[in-house]
Amino acid sequence: MTVSQQVFLRDAMRRLNLTRDVFAVRIGVKRRALDTWLLPEGSQEFRTMPEVVSRFVTEIVENEGLLQKYAQSAQSGPLRDRIAFEGKHQLLSVDQFTRESVEELFRIADQMQPIARRQKVSRVLEGAVLGNLFFEASTRTRVSFGAAFCRLGGSVCDTTGFTFSSMAKGESIYDTSRVMSGYVDAMVIRHPEKGSVAEFARATNIPVVNGGDGPGEHPSQALLDLYTILTEFSRLGKLLDGAHIALVGDLKYGRTVHSLIKLLALYRGLKFTLISPRGLEMPEYLLEQTGKHGHTVNQTNSLEEGLAGADVIYATRVQKERFAAEELEGYTPDFQVNKAIIDKCCGPDVIVMHPLPRDSREGANDLSVDLNHDTRLAIFRQTDNGIPVRMAIFAVLLGVEGLVQHSLRDVTWSPPSHVGPDDSVFQDMD
Ligand code: NCD
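Residues numbered from 1 in each chain as written. Predicted model: local features only at pLDDT ≥ 70, side-chain atom pairs only at ≥ 80, totals over all residues. Heavy atoms only, no water.

The name an unreviewed UniProt entry assigns to the protein chain is Aspartate carbamoyltransferase, from the organism Pollutimonas bauzanensis. The record in UniProt for the protein chain states the following under Function (unreviewed entry): "Catalyzes the condensation of carbamoyl phosphate and aspartate to form carbamoyl aspartate and inorganic phosphate, the committed step in the de novo pyrimidine nucleotide biosynthesis pathway." For the protein chain, the Sequence similarities (unreviewed entry) comment in UniProt is given as "Belongs to the aspartate/ornithine carbamoyltransferase superfamily. ATCase family." (UniProt positions renumbered as here; feature names shortened; annotations may be inferred.)

Our focus in this paragraph is the sheet that holds strand β2 (residues 129–134). Across the sheet, four strands lie side by side as β3-β2-β4-β5; this open sheet has parallel pairing. Each edge of the open sheet is held by one strand with a lone partner, namely β3 (155–160) and β5 (208–213). Each strand of the sheet is rotated relative to its neighbour by a mean of 10°, with strand direction disregarded. Pairing of strand β4 (residues 186–191) with β5 involves four bridges; the strand directions are parallel. Across the sheet, residue Val188 finds its bridge partner in β5, namely Val209. (Pairing = 2+ DSSP bridges. Helix = DSSP H or I, 4+ residues; strand = E, 2+ residues; numbered from the N terminus. Axes fitted to C-alpha atoms, helices over the stretch in contact; angles between N-to-C directions.)

Bringing the site of the ligand into the picture now. With respect to spatial proximity, the complete set of residues near the ligand consists of Arg140, Thr141, Arg190, His218, Gln221, Arg255, Thr256, Arg317, Gln319, Pro355, Leu356 and Pro357. With respect to the ligand, the side chain of His218 contributes an N or O atom lying 2.8 Å from an oxygen atom. Within the contact set of the ligand, a nitrogen atom lies 3.1 Å away from a side-chain nitrogen or oxygen of Gln221. Protein contact buries 94% of the 320 Å² of open area that the ligand shows by itself. Of all the secondary structure elements, the ones that give two or more residues to the shell around the ligand are α7 (140–151) and α11 (255–264). (Near = heavy atom within 4 Å. Polar contact = N/O pair within 3.5 Å; in protein donor to acceptor, adjacent residues only side chain to side chain. Areas by Shrake-Rupley, 256 points an atom, 1.4 Å probe, with all protein chains shown as cover.)

Looking now at the UniProt feature "domain: Aspartate/ornithine carbamoyltransferase Asp/Orn-binding" (unreviewed entry) in the protein chain. In this structure's numbering, the residues bearing the UniProt feature "domain: Aspartate/ornithine carbamoyltransferase Asp/Orn-binding" (unreviewed entry) are residues 242–396. Along residues 242–396, the helical share is 32% and the strand share 14%, with 30 Å between the first and last C-alpha atoms.

Further remarks concern the side chain of Ser101. Take Ser101: it is sitting in helix α6 (residues 99–116). On the accessibility criterion, Ser101 (5% relative accessible area) is buried. At a separation of 2.8 Å, a polar atom in the side chain of Ser101 contacts the main-chain amide nitrogen of Thr98. Setting aside anything within four residues of it in sequence, one finds Ser101 in contact with Leu79 and Ile83. (Buried < 20%, exposed > 50% of the residue type's maximum accessible area, 1.4 Å probe, protein only. Contact = heavy atoms within 4.5 Å.)

A separate point is unusual backbone geometry. In the segment running from Leu356 into Pro357, the intervening peptide bond is cis, with an omega of 5°. Mapping Pro357 onto the fold places it in the loop between β10 (351–353) and α15 (379–397). Backbone geometry places Arg118, a non-glycine residue, at a positive phi of 65°. With respect to the helices and strands, Arg118 occurs in the loop between α6 and β1 (120–121). For Leu356, which is not a glycine, the phi torsion comes out positive at approximately 65°. Relative to the assigned elements, Leu356 resides in the loop between β10 and α15.

A few words now on the packing of aromatic side chains. Evaluation of the coordinates by the stated rule reveals six aromatic pairs. Aromatic pair Tyr331 and Phe335: ring centres 5.4 Å apart, planes at 10°, arrangement stacked. Here the aromatic residues Phe145, Phe149 and Phe394 are joined through ring pairs into a cluster of three or more. If you follow Lys238 out to its NZ or CZ, it ends over the ring of Phe233, 5.4 Å from the centre. The side chain of Arg390 reaches across the aromatic face of Phe145, ending 4.6 Å from its centre. (Phe/Tyr/Trp six-rings, centres within 6.5 Å; stacked < 30°, edge-to-face > 60°. Lys NZ or Arg CZ within 6 Å of the ring centre and 35° of its normal.)

The next thing to look at is the environment of Arg278. Looking at where Arg278 falls in the secondary structure, it is placed in the loop between β7 (271–275) and α12 (284–292). What makes Arg278 exposed here is its relative accessible area of 68%. C-alpha separation for the pair Arg278 and Lys30, spaced 248 residues apart in sequence, amounts to 49 Å. Of note is the side chain of Arg278, whose polar atom sits 2.9 Å from the side chain of Asn301.

As summarised here, the arrangement of the five strands in space is β8-β7-β6-β9-β10, forming an open sheet in which the pairing is parallel. The outermost strands of the open sheet, each flanked by one partner alone, are β8 (296–300) and β10. Averaged over all adjacent pairs, the angle separating strand axes in this sheet is 15°, with direction ignored. Packing against the sheet, helix α10 (residues 219–236) makes contact with β9 (312–315) and β10, and its axis sits at approximately 165° to β10.

What follows is about the pairing of β3. Bridging between β2 and β3 involves six bridges; their strand directions are parallel. Within β3, the position partnered with Asn132 by the bridge is Asp158. Regarding topology, α7 serves as the crossover connection from β2 to the parallel β3, and that connection is right-handed. (Right-handed = clockwise from strand over helix to strand, strands pointing away.)

All right, on to the domain arrangement of the protein chain then. Domains assigned within the protein chain are domain 1 (5–77), domain 2 (82–217) and domain 3 (220–383). Look at where the C-alpha atoms of domain 1 and domain 3 centre, and you get two points 30 Å apart. With eight residues of domain 1 at the interface, the matching set in domain 3 holds nine residues. Note on domain 1 versus domain 3: buried area summed over both sides is about 700 Å², and carbon and sulfur give 46% of it. Summed over the shared surface of domain 1 and domain 3, the number is zero salt bridges. In this structure, the connection of domain 1 to domain 3 is made through two residue pairs in polar contact (both at pLDDT 80 or more). Here the residues of the side of domain 1 that touches domain 3 are counted per class, giving two nonpolar, two polar and four charged. (Domains from an automatic or database assignment. Buried area = accessible area lost by both parts, 1.4 Å probe. Salt bridge = Lys/Arg side-chain N within 4 Å of Asp/Glu carboxyl O. Nonpolar A, V, L, I, M, F, W, Y, C, P; charged D, E, K, R; others polar.)

This is the structure:
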């Protein structure tokens, strides 16, 4: 096996679209045994799966693959060609993905996990330079894109804000993009106007990734959100098809939810509950699009009503900086996602997500910190997943995904066993 046991088994379950319980029955083993094989290699409970089981799983997956190939028109060519935007290797919208291509990207993200978890290093992007152009506030998107590129062996040049860029001198998007193309090998761009990143992308032939275009899209965030949901569901023994997803908050201006609802719509039979304060509802075109895919969409202004029975709660910040005529200062207290309301409305295996940042100022009533020691809170597992997913995006757009596996070397330093002081509560949750 060239990949880790955990990656191998997760991939098999995803390809077969089976929960842990059903997968255990399918391969004829006890669920408990499967759980120990699925733990990260360093953990105490980890067990090596017998060789005969691994061969059996490979056989089932290969058979399934052959059946799928016959059933559908065979996918061909590299992933970057299949997700290309106007013929270029660029990532501007989640519309570029199908369920198959998104899951292919996640298999590559799984392969990146040992690097993201600081067990292995790789230099497949040695010599390549990333231009990180952020014309809007950012912490995690900018740094995680930069870190992802560096962890593949590349280097990063940054520019932040309009004030310190030539755009403050009136330079056009076309000129900026063309100039940068001569300096760097890929660009990540965040800009306050919807459609602006596509304009950057048209003015260059190098890979461009949309890091957020105003209230438009934020495709890499939605990809890491979906990856997180699938990983958490795999641990909980759930399938995404048929799940109940509650999107909460500023659904009008929140670009993360705009991309996420489209990406989730690639799955089957979802129930969406959209919970927003009056005036911040999800745009009509997204409601129509989601309905057309056969999903159920309910809208409500009541948090308590909307959260009942949810499998995923995805909370968002009020995007006050994008308000046109809206008056809202923040959420009212009855709109805050906190432990009390989750205990009241949801089961023990709900997962609570947020793209972050959460607004911690007084009166903002954004996602409460009283869930910080609650295993249902997935926000830091979500941010951690930003690294392998963004590494996968770069590897695919630059065409090096096939080189990663054989490039891995052991790390030379000793990272702490938990990167966060409160992370021990979440131990062995993989
Ligand atoms: C989000 C964004 O910038 O759209 N943040 C992020 O990238 N994780 C969400 C937000 O700003 O509220």
